[in-house]
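Listed below are the residues making up each chain.
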Amino acid sequence: MAKILLVDDDELVRYALTRVLTGAGHQVEVAENGLKASLQFKLSPPDLVLTDVVMPDQDGLELLREISELNSQIPVVVMTGGGEIVGQDYLLFADRLGASAIIAKPFENSVLLSKIDGLLKKPPAIP
Amino acid sequence: MASIPREKSLTLRSAWGILGAKFWFFAITAFVGLSLILAEVLIEYEAFEAFYEYTRSHESWQLDDIAMAVLASVIAMVFVGAFVTTAVTRKLISKEIERQEASLRIERSQRLIALGTLLGGTAHSLNNHLLPVIALSDLVRSDCAQDTPHAKDLEMISIAARRAVEMIQKLKIFARANEGMEGNCLVGPATSAAIELAQKVAPSSVKFLLSIDKTPARVGVSETALEIVILNLINNAVDAMEGMPGTIEIKLNLVSHLEKNDRRDGVASSAWVRIQINDTGKGMGLDESKRIFEPFFTTKPVGTGTGLGLSETYGIVDKAGGKFDVKSEIGVGSQIGILLPLIEDAHSAHPANI
């Protein structure tokens, strides 16, 4: 039972994941891009962030950087569409920028939920 | 991949083609016309008689010989002049052809990459669309009693969606292989080829200093991928010069490079190749030099370039187990080193067939 900030520019993805997460007992706040997400993050800090990586108007990587600059202990799970621009590796950068986990769409509900549970249980890392 | 033909020789047919029928028609007409006019003039002024009189007017044989020599050298000059003009023109034309071919080849490469990007974007979209299908049908199914028709129907939806996901994966693999991004190559020849390509389209204000070790060495990037890496870095170096004259120094040598965390798959590699690209451009500050490989990071004005070149380069090198070494000083220039581990020569250069 945690407050999750869900960030994705696709409305059906937001709908589906909201249903899955609330079905597992979590509370979900949504944002449609990184800009809105970072505002929401500051106004009402969640227990976990679940974000897409490629979005217009500040993508997931920039959001990640913002969050890591705030020295936040809040875990961030990055979702990739698997179609990231050929030759580039968003996963590399997500990793370097401090993503707690990376998951490729489309995934099993159970995989997402167990990753989230695992991250929520972890005690905050010693700075 | 076809290599650029060297020194394209100017054959008779190609000369005709390049200069065009109109030019040749004019040239032939001019030749005939000028000959007739010159002949007419010489006859009018009784040139032959004048020459004859001149030779009869004195007893000195030497003067006659000198007169003949002068005449002969005039004729020779005409021939040599024509030859020199042809040679110069031939050279200029072949240089231009080479430059255009290099441009076309780079464009073709970029088009393939753009196609790859399009396919990648499509795959991303499709994966996004399939997520609600799988997530929601599984969610509803978990609420249904097992072995009911509803549960069965939902299971079928799920299976169909998963098959679509597999297809997208296959498409992506195919797209990558088709682009020539998979495989390995001999680093020396591939680097030299890429540099030649870059030199042909670089502005003449940029001088290249090259030092390439010819020892055969194989690295885990395809020729196309290495070309992209080197062209991207050279492009950046050229841009850093902002139109001013400058030098790009490119060195390739084999190095023994051992660091504690250089283990790939548990095996330490001490045989590496280092490609060093040093430029005399405007240089970068510390902050900028740390961020250059990020996707969409660019210091160029809006509208020029996508900012993707170097992040693409980073991805390619990282995938092959390599790393970068970036040094730069504002006002002096940048020194960018690419380190790639060598791979065993047992593999063939051809990527797996799909």
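Details of the structure are given in the entry above.
Residues numbered from 1 in each chain as written. Chains lettered and ligands numbered in written order. Predicted model: local features only at pLDDT ≥ 70, side-chain atom pairs only at ≥ 80, totals over all residues. Heavy atoms only, no water.

**A short note on the overall build of chain A**
Phase 1: Scanning chain A from N- to C-terminus turns up five helices and five strands.
Phase 2: Secondary structure elements in chain A, listed N-terminal to C-terminal, are β-α-β-α-β-α-β-α-β-α.
Phase 3: Across the 127 residues in chain A, those meeting the buried criterion constitute 55%.
Phase 4: Look at the contacts in chain A between residues 6 or more apart in sequence, and 70% of them connect residues 24 or more apart.
Phase 5: About 5,800 Å² of surface is accessible on chain A, with carbon and sulfur atoms providing 55% of the total. (Helix = DSSP H or I, 4+ residues; strand = E, 2+ residues; numbered from the N terminus. Buried < 20%, exposed > 50% of the residue type's maximum accessible area, 1.4 Å probe, protein only. Contact = heavy atoms within 4.5 Å. Areas by Shrake-Rupley, 256 points an atom, 1.4 Å probe, with all protein chains shown as cover.)

**Describing a negative patch on the surface**
All names here are of chain B.
Phase 1: Together, Glu40, Glu44, Glu46, Glu49 and Glu53 make up a negatively charged patch on the protein surface.
Phase 2: Looking at where Glu53 falls in the secondary structure, it is placed in helix α2 (residues 47-56).
Phase 3: Taking the relative accessible area as the measure of exposure, Glu53 reaches 52% and is therefore exposed. (Patch = residues over 30% accessible without salt bridge, like charges linked within 9 Å, V, L, I, M, F, W, Y side chains within 5 Å. Salt bridge = Lys/Arg side-chain N within 4 Å of Asp/Glu carboxyl O. Lys, Arg positive; Asp, Glu negative; His and termini not counted. Charge placed at Lys NZ, Arg CZ, Asp CG, Glu CD.)

**What about the pattern of salt bridges?**
Phase 1: Within this structure, the stated rule accounts for 13 salt bridges over all chains.
Phase 2: Note that Lys36(A) and Glu32(A) form a salt bridge whose closest N and O atoms lie 3.1 Å from each other.
Phase 3: Arg141(B) is paired through a salt bridge with Asp138(B); the nearest N and O atoms lie 3.1 Å apart. Separated by three residues within a single helix, Arg141(B) and Asp138(B) lie in helix α3 (residues 61-143), roughly one turn from each other.
Phase 4: Arg141(B) sits in the partly exposed class, given a relative accessible area of 28%.
Phase 5: Sharing partners across several salt bridges, the network here consists of Glu108(A), Asp138(B), Arg141(B) and Arg162(B).

**Remarks on the sheet that holds strand β2 (residues 27-31) of chain A**
Residue and element names in this part refer to chain A.
Phase 1: Pairing is parallel across the open sheet formed by five strands, whose spatial order is β2-β1-β3-β4-β5. Bordering the open sheet on either side are β2 and β5 (101-104), each of which pairs with just one other strand. Pairwise comparison of adjacent strand axes, ignoring direction, gives a mean angle of 20° for this sheet. (Pairing = 2+ DSSP bridges. Axes fitted to C-alpha atoms, helices over the stretch in contact; angles between N-to-C directions.)

**Quick notes on the packing of aromatic side chains**
All names here are of chain B.
Phase 1: For the structure shown, the criterion picks out two aromatic pairs over all chains.
Phase 2: With 5.4 Å between their ring centres and 80° between their planes, Phe23 and Trp24 make a pair best called edge-to-face.
Phase 3: Residue classification places Phe23 among the partly exposed residues on the basis of a relative accessible area of 38%.
Phase 4: An angle of 15° between the planes, with centres 5.8 Å apart, marks the rings of Tyr314 and Phe324 as stacked. (Phe/Tyr/Trp six-rings, centres within 6.5 Å; stacked < 30°, edge-to-face > 60°.)

**Some remarks on helix α3 (residues 60-69) of chain A**
Phase 1: All of the buried residues in α3(A) are Gly60(A), Leu61(A), Leu63(A), Leu64(A), Arg65(A) and Ile67(A).
Phase 2: Asn71(A) sits one or two residues past α3(A) and shows a positive phi near 55°.

**Things to note about unusual backbone geometry**
Phase 1: Residue Pro106(A) is reached from Lys105(A) by a cis peptide bond, and omega for that bond is -10°.
Phase 2: When you line up the elements, Pro106(A) lands in the loop between β5 and α5 (109-121).
Phase 3: Even without a glycine there, the phi angle at Glu46(B) is positive, about 45°.
Phase 4: Tracing the chain through its elements places Glu46(B) in the loop between α1 (12-44) and α2.
Phase 5: Its identity is not glycine, yet Glu242(B) carries a phi of approximately 50°, on the positive side.
Phase 6: Mapped onto the elements of the fold, Glu242(B) is located in the loop between α6 (223-240) and β4 (246-256).
Phase 7: Among the residues examined, Glu242(B) registers a relative accessible area of 53% and is labelled exposed.

**Concerning the sheet that holds strand β9 (residues 333-341) of chain B**
All names here are of chain B.
Phase 1: Pairing is mixed in the open sheet, where five strands are placed in the order β2-β4-β7-β9-β8. Among the strands making up the open sheet, the edge pair consists of β2 (206-212) and β8 (323-329). Neighbour to neighbour, the strand axes of the sheet diverge by 15° on average, direction disregarded.
Phase 2: Bridge count between strand β7 (residues 271-279) and β9: seven bridges; the pairing is antiparallel. The residue bridging Val273 from the neighbouring strand is Leu340, located in β9.
Phase 3: Sitting on the sheet, helix α5 (residues 187-201) is in contact with β2, β4 and β7, with an inclination near 170° to β2.
Phase 4: Packed on one face of the sheet, α6 meets β2, β4, β7, β8 and β9 and runs near 25° to β7.

Honestly, that's just the spatial picture; any functional story needs more than this.
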